[in-house]
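# Fold and geometry: a report
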Amino acid sequence: MTATTAPYAATPVRASRQPSARLRAWATRAPLLPALVFMIAVTQLPFVATLVISFFDWNALYPKARHFTGLDNYHQVMTDADLRHSVWTTVLLTVTVVLVSLVLGLALALLLNHRFRGRGIVRTLLIAPFLVVPVAAALLWKHVLYNPEYGLLNGLLHYVGGPQPDWISRMPLLAVEASLVWQWTPFMMLILLAGLQSRDPEQIEAARVDGASDWQIFRHLTLPHLRRYLELGALLGSIYIVQNFDAVFTITSGGLGTANLPYTVYQSFYQAHENGLASAAGVLVVIGSIIIATFALRVVSSLFREEASRA
Amino acid sequence: MRTPSRRRPRATLAAAAAGTLLAPLLSGCWAGAGGTGSGGDAINVLMVNNPQMTELQKLTAAHFTRETGIKVNFTVLPENDVRDKISQDFANQAGQYDVATLSNYEIPIYARNGWLHEMNSYVAKDPSYDEQDVLQPMRESLTGDDGKLYGQPFYGESSFLMYRKDVFAAKGLTMPAHPTWQQVADLAAKADGARSGMRGICLRGLPGWGEVMAPLTTVVNTFGGTWFDKDWTARLDSPAFVKATKFYVGLVREHGESGAAQSGFAECLNNMTQGKVAMWYDATSAAGLLEADGSPVKGKLGYAPAPVERTKSSGWLYTWAWGIQQASRNPDKAWKFVSWASSKGYEQLVGETSGWSDVPAGKRASTYTNAAYRASAAAFQEMTKEAIENSRPNDPGVQPRPAPGIQFVGIPEFTDLGTKVSQEISSAIAGRQSTDSALKKSQQLAERISKEYEGR
Amino acid sequence: MSDIGVTIRRHRGLGYGLVAWLAGIVFFLPIAWMALTSFHSEADAATNPPSFGASLTLDGYREFFGSGGGASPWPALINSTVASLVSTLCVLLLALPAAYALSIRRVRKWTDVLFFFLSTKMLPVVAGLLPIYLFAKNTGMLDNIWLLVILYTSMNLPIAVWMMQSFLAEVPVAVIEAAQIDGARLPTILARVVAPIALPGIAATALICFIFSWNELLFARVLTGVVAETAPVFLTGFITSQGLFLAKVCAASLVISLPVLAAGFAAQDKLVQGLSLGAVK
């Protein structure tokens with residue numbers, strides 16, 4: 001694989017002419033090292049510290065009572081119903097938001113791929129939600145749209161004589177999801193639009209001349225071509241939504257069963273001040289993420305295989 | 001100190017990271033680490049975003065800084081955020097902030113941990129501050145275990161019942177001088193729908209130990225319930241606690257504001273201002289906002305003491321007070337700021353520049369003898385002062401308590417316990433579970449704390 | 001193709017256009033409403049039914065820009081600008097060589113390295129928050145904008161490496177070979193051959209890094225204070241539990257989102273091109 005895609009990798013022939021093959025290999029690695037060392041220093045070292053802290057019984061409000069407890073924190077975290085529930089909430093939140101925004105994004109991308117008057121304006125309108133600062137978007141949804149007394153949603157319902165539901169209390173998780181879908185659909189749309197525009201127009205025209213229907217073209221030409229882009233959108237979306245904190249923190253403050261993992265860990269740091277417990281929870285989350293990430297990265301590796309075969 | 005760290009070689013950075021993170025943790029010595037606090041002629045103040053604080057922020061440069069030459073940098077955050085940030089900065093003694101707004105819940109706890117600068121020495125040297133003028137329950141609740149003062153109140157409040165006199169008159173209802181909760185529930189039922197879109201009563205339902213838990217706990221107290229017995233037995237499943245919670249949840253579900261599970265002080269204030277509720281049980285400090293110039297309900301409101309059942313009074317006691325961080329590098333300048341902000345003179349200044357209804361009241365006896373204030377706050381000032389003076393922070397219920405606090409339990413674990421319980425209660429108010437199941441889960445949470453405290 | 005076919009397609013095109021316009025308006029409505037509310041008085045902002053025709057005022061903006069002694073938003077806006085721009089620059093400086101080593105002149109096991117970068121993105125940020133805070137406290141870097149620069153760089157680096165790797169992989173190998181045979185040196189090759197092809201991708205990457213840094217809240221909340229406060233933290237300061245704040249918050253939200261909105265609108269073509277991972281021919 002490397003041989004076909006990167007002819008400049010040190011080949012045995014060339015290496016033998018150089019003073020040292022090892023030096024040559026380091027020269028190849030050199031451009032990579034700053035980024036690699038930087039990432040290890042900034043992201044891995046804190047986790048080592050988290051690991052150490054997780055073996056201590058340490059409540060910030062009892063600074064004098066800190067002591068080593070071994071695996072006690074892990075035992076406590078594993079038996080904590082709240083944490084188990086927040087794992088489920090995180091999965092539900094991420095899957096729902098990613099799937100819905102992918103489907104909506106695909107529909108919008110297909111629409112935008114047609115020629116019509118004002119297409120540029122519509123595209124601008126559609127990407128705007130992605131460009132609003134997330135905490136501003138969360139505030140907007142909570143206070144300006146959902147508020148049962150003076151929110152826009154109930155205001156509009158008022159005009160048609162509709163009911164005046166209390167959105168956040170009645171459907172808390174859905175309320176958080178809706179605001180996230182609103183922000184992430186444009187992003188998915190952009191990726192898929194890029195995918196659509198990279199199709200081979202001749203191939204489609206040829207299929208059309210052969211009498212293929214729009215649906216057939218979509219099913220057998222467009223969708224296979226878009227797979228890479230769908231996977232990319234799903235991957236990037238999951239990465240960011242699994243970690244979502246702003247929306248949960250702002251819209252429900254983790255209440256009404258919407259606390260996801262980041263919020264739960266944050267809460268044990270900042271409201272319970274249980275540094276040891278929170279660190280243990282953090283370590284478990286990291287282990288869980290690594291397991292899931294391994295699966296997710298399988299998906300990515302299929303992206304690379306295709307790329308390699310194209311090159 | 002603020003060297004642009006990106007110029008540092010990466011390997012050094014990594015080593016420094018490992019060293020600074022682990023060494024102090026393992027050796028167990030935190031003290032003495034220098035913070036990034038302000039130096040020179042400036043102090044940093046972290047405060048909650050309430051109107052009285054924003055007013056203070058606006059007046060500081062032109063008055064305090066001009067008089068003393070001390071520059072004040074403010075960070076203003078909403079209540080939940082500010083608590084997270086204060087606890088982080090003070091618990092680590094990072095010293096980023098010299099002064100922060102703390103409540104009477106935090107001050108004794110923080111004082112015990114040695115995070116606060118005591119204030120007795122300053123008060124003694126500063127007769128013009130007139131510490132004895134500060135109301136007795138306030139001083140009591142800002143005193144540490146060692147008997148020293150650790151905070152100065154900026155404003156204080158109790159809780160009482162506010163109602164629309166005009167609506168009550170139109171419906172032929174009368175508010176008793178000392179209402180019971182049962183009477184209030186009956187009135188709420190009768191006032192419900194008195195006008196189109198008007199509900200009987202507004203009660204907080206928003207999750208948060210300082211939101212729904214505050215009024216609910218006062219109801220629990222007067223119904224004869226308590227979070228913990230003297231010996232730390234958790235009592236959230238006791239008949240009195242259950243009865244009080246069912247009463248509260250039932251009342252707000254039947255005759256309360258719409259969106260109750262997401263309503264806190266701000267939402268209720270808006271409901272009351274916009275005429276969407278006939279009554280409101282909440283902080284006495286709300287009255288000043290409802291009676292402010294331009295408020296559509298100004299002059300239409302009556303006030304009654306916090307409703308009771310088995311106790312004589314049931315109002316809470318709360319104050320936003322200034323605490324000086326022990327790690328502050330400028331405690332003297334910090335005190336100058338605190339003593340200015342909490343002084344009689346500052347109240348006078350606010351009264352003259354923005355109106356007496358904006359005065360940070362509820363902390364000094366002299367406020368209530370001031371003719372200008374009495375005239376402006378005629379509708380509620382007497383009731384407010386009485387409510388604060390009648391509050392009993394160390395003995396709020398029918399049984400002895402293991403820790404101080406009326407609407408909270410004065411232990412560090414309460415923020416977490418209270419928040420989690422409040423989420424269960426809020427969910428019951430939203431109709432997502434029964435009150436029984438909410439309290440059953442809450443009792444389990446509280447029992448964990450019992451275990452930790454038993455025998456302490 | 002027959003005339004009838006064209007007519008049918010044109011009609012259908014009209015239908016698509018209509019649906020697209022409708023979708024665009026629905027998605028934009030919350031922002032439009034936010035903009036309108038920001039020009040209302042606080043009392044008009046909190047009514048039901050909504051007051052569409054209420055008189056307009058600049059009070060919300062005046063309040064935001066600190067009239068009457070309130071805090072000025074400029075330090076926070078400047079901090080955000082510095083943190084976002086500098087961290088984006090750092091990301092590019094680190095990611096470009098790395099992407100080069102992962103695409104054009106590949107190291108062995110390059111996929112594993114790429115996976116490592118991506119996997120750091122999946123670790124929960126909150127779990128590392130306390131150690132980072134303690135580190136900052138003990139090195140005197142609390143409330144220091146350069147600490148945020150470092151963290152934002154690490155936050156965006158994996159995605160940037162990954163995106164740029166795929167752009168650089170698109171550079172035809174034959175072209176580089178030809179240039180090398182002509183005797184061109186590496187810097188020349190990079191500037192003359194690689195850059196033009198990869199530039200839209202680099203621009204898209206930079207834009208995305210800028211957006212994510214500008215938007216970041218959690219690190220900024222925990223690690224900054226008086227000096228290094230960023231715009232999103234400043235925004236949350238407008239929420240109060242007492243009194244109305246809708247118009248103010250709408251004005252603040254809009255102003256703070258403005259740089260990102262402007263950059264995003266201006267570069268939307270680049271963004272589409274960039275997100276295609278170099279596959280647009």
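Rules used throughout
- Residues numbered from 1 in each chain as written.
- Chains lettered and ligands numbered in written order.
- Predicted model: local features only at pLDDT ≥ 70, side-chain atom pairs only at ≥ 80, totals over all residues.
- UniProt positions renumbered as here; feature names shortened; annotations may be inferred.
- Helix = DSSP H or I, 4+ residues; strand = E, 2+ residues; numbered from the N terminus.
- Rg over C-alpha atoms; globule rule 2.2 N^0.38 Å.
- Buried ≥ 20, exposed ≤ 12 C-beta atoms within 10 Å, placed from the backbone.
- Contact = placed C-beta atoms within 7 Å.
- Pairing = 2+ DSSP bridges.
- Axes fitted to C-alpha atoms, helices over the stretch in contact; angles between N-to-C directions.
- Nonpolar A, V, L, I, M, F, W, Y, C, P; charged D, E, K, R; others polar.
- Parallel < 35°, antiparallel > 145°, perpendicular 65-115°, else oblique.
- pLDDT = per-residue confidence, 0-100.
- Left-handed = near helix turned anticlockwise from the far one by under 90°.
- Domains from an automatic or database assignment.

Chain C appears in an unreviewed UniProt entry as Carbohydrate ABC transporter permease from Streptomyces musisoli. According to the UniProt record, the Sequence similarities (unreviewed entry) comment for chain C is "Belongs to the binding-protein-dependent transport system permease family." The heading Subcellular location (unreviewed entry) in the UniProt record of chain C holds the text "Cell membrane".

For chain B, the name recorded in an unreviewed UniProt entry is Sugar ABC transporter substrate-binding protein, with Streptomyces musisoli as its organism.

### Considering the overall build of chain B
Per the secondary structure count, chain B includes 18 helices and nine strands. Here chain B has a C-alpha radius of gyration of 23 Å; the compact-globule value for 456 residues is 23 Å, and the two agree. In terms of overall dimensions, chain B has a C-alpha envelope of 75 × 50 × 40 Å along the principal axes. Taking all 456 residues of chain B together, 57% fall into the buried category. The contacts in chain B between residues at least 6 apart in sequence include a share of 75% that link residues at least 24 apart.

### Overview of the overall build of chain C
Of the regular secondary structure elements, chain C holds 13 helices and zero strands. Taking 2.2 N^0.38 as the reference for a compact globule, 281 residues should give roughly 19 Å; the C-alpha atoms of chain C span a radius of gyration of 24 Å, well beyond that estimate. Over its C-alpha atoms, taken along the principal directions, chain C stretches across nearly 75 × 70 × 30 Å. Residue burial in chain C is summarised as follows: out of 281 residues, 57% are buried. Taking all contacts inside chain C whose residues are at least 6 apart in sequence as the whole, residues at least 24 apart take part in 77%.

### Quick look at the sheet that holds strand S6 (residues 199-202) of chain B
Residue and element names in this part refer to chain B. Reading across from one edge, S6-S7-S5-S8 is the order of the four strands in this open sheet, with mixed pairing throughout. Looking at strand neighbours, the two that pair on one side only are S6 and strand S8 (301-305), the edges of this open sheet. Mean inter-strand twist for the sheet, computed between neighbouring axes without regard to direction, equals 20°.

### Let's talk about the interface of chain B and chain A
Between chain B and chain A, the residue contacts involve 35 residues of the former and 24 residues of the latter. Of all the secondary-structure elements, those providing two or more residues to the side of chain B that touches chain A are helix H1 (10-27), helix H3 (79-91), helix H11 (265-273) and helix H17 (414-429) of chain B. Here the side of chain B that touches chain A takes eight residues from H1 of chain B, the largest share from any one element. Across the side of chain B that touches chain A, the residue classes break down as 13 nonpolar, 16 polar and six charged.

### Examining the packing of H17 of chain B against helix H18 (residues 435-453) of chain B
Residues and elements named next belong to chain B. Between H17 and H18, the shortest axis-to-axis distance is 8 Å and the interhelical angle comes to 175°. With respect to each other, H17 and H18 are oriented roughly antiparallel. Across from Leu 417, Lys 420, Val 421, Glu 424, Ile 425, Ser 427 and Ala 428 in H17, the residues of H18 making contact are Thr 435, Ala 438, Lys 441, Ser 442, Leu 445, Ala 446 and Ile 449.

### Describing the confidence of the model for chain C
All names here are of chain C. In this model, chain C carries an average pLDDT of 83, and 90% of its residues clear a pLDDT of 70 or more. The secondary-structure element of chain C with the lowest mean pLDDT is helix H13 (residues 268-275), recorded at 76, while helix H4 (residues 74-103) shows the highest, at 92. For this predicted complex, the interface score ipTM comes out at 0.86, while the overall pTM is 0.82.

### Looking at the packing of helix H8 (residues 134-146) of chain A against helix H12 (residues 246-266) of chain C
Packed helices, taken two at a time, are described by their axes: the angle between them and the distance between them. It is at 10 Å that the axes of H8 of chain A and H12 of chain C come closest, and there the two elements cross at 155°. Taken together, the axis directions place H8 of chain A and H12 of chain C in an arrangement best described as roughly antiparallel. Our pair here, H8 of chain A against H12 of chain C, has a crossing hand that is left-handed. Taking contact as the criterion, the partners of Ala 136, Leu 139, Leu 140, His 143 and Val 144 of chain A in H8 of chain A are, on H12 of chain C, Leu 246, Val 249, Cys 250, Ser 253, Ile 256 and Ser 257 of chain C. For the contact of H8 of chain A with H12 of chain C, the per-class residue count stands at eight nonpolar, three polar and no charged.

### Details of the interface of chain C and chain A
In this complex, chain C contributes 86 residues to the contact, which on the side of chain A involves 87 residues. When residues in the side of chain C that touches chain A are grouped by element, the largest group, 16 residues, is from helix H1 (residues 3-38) of chain C. Its residues placed into classes, the side of chain C that touches chain A shows 62 nonpolar, 20 polar and four charged.

### Some remarks on the sheet that holds strand S9 (residues 318-324) of chain B
Residues and elements named next belong to chain B. Read from one edge to the other, the open sheet built from five strands follows the order S2-S1-S3-S9-S4, with strand pairing classed as mixed. At either end of the open sheet lies a strand with only one pairing partner, and these are strand S2 (71-77) and strand S4 (152-157). The mean inter-strand angle of the sheet, taken between neighbouring strand axes irrespective of direction, is 25°. As judged from the five bridges shared by strand S3 (residues 99-103) and S9, these two strands associate in the antiparallel manner. In the strand pairing of S9, Val 99 is matched with Ile 324. In this fold helix H2 (residues 51-68) packs onto strand S1 (42-48), S2, S3 and S4, with an angle of close to 170° to the strand it touches most, S2.

### A word on the domain arrangement of chain C
Many structure descriptions define interface size as the accessible area lost when the parts assemble. All names here are of chain C. Each assigned domain of chain C is listed with its residue range as follows: domain 1 (3-67) and domain 2 (72-275). Here the C-alpha centre of domain 2 lies 30 Å away from the C-alpha centre of domain 1. Facing 16 residues of domain 1, the contacting portion of domain 2 comprises 12 residues. Among the secondary structure elements, those contributing two or more residues to the side of domain 1 that touches domain 2 are H1, helix H2 (42-45) and helix H3 (59-64). The residue inventory of the side of domain 1 that touches domain 2, partitioned by class, reads seven nonpolar, six polar and three charged.

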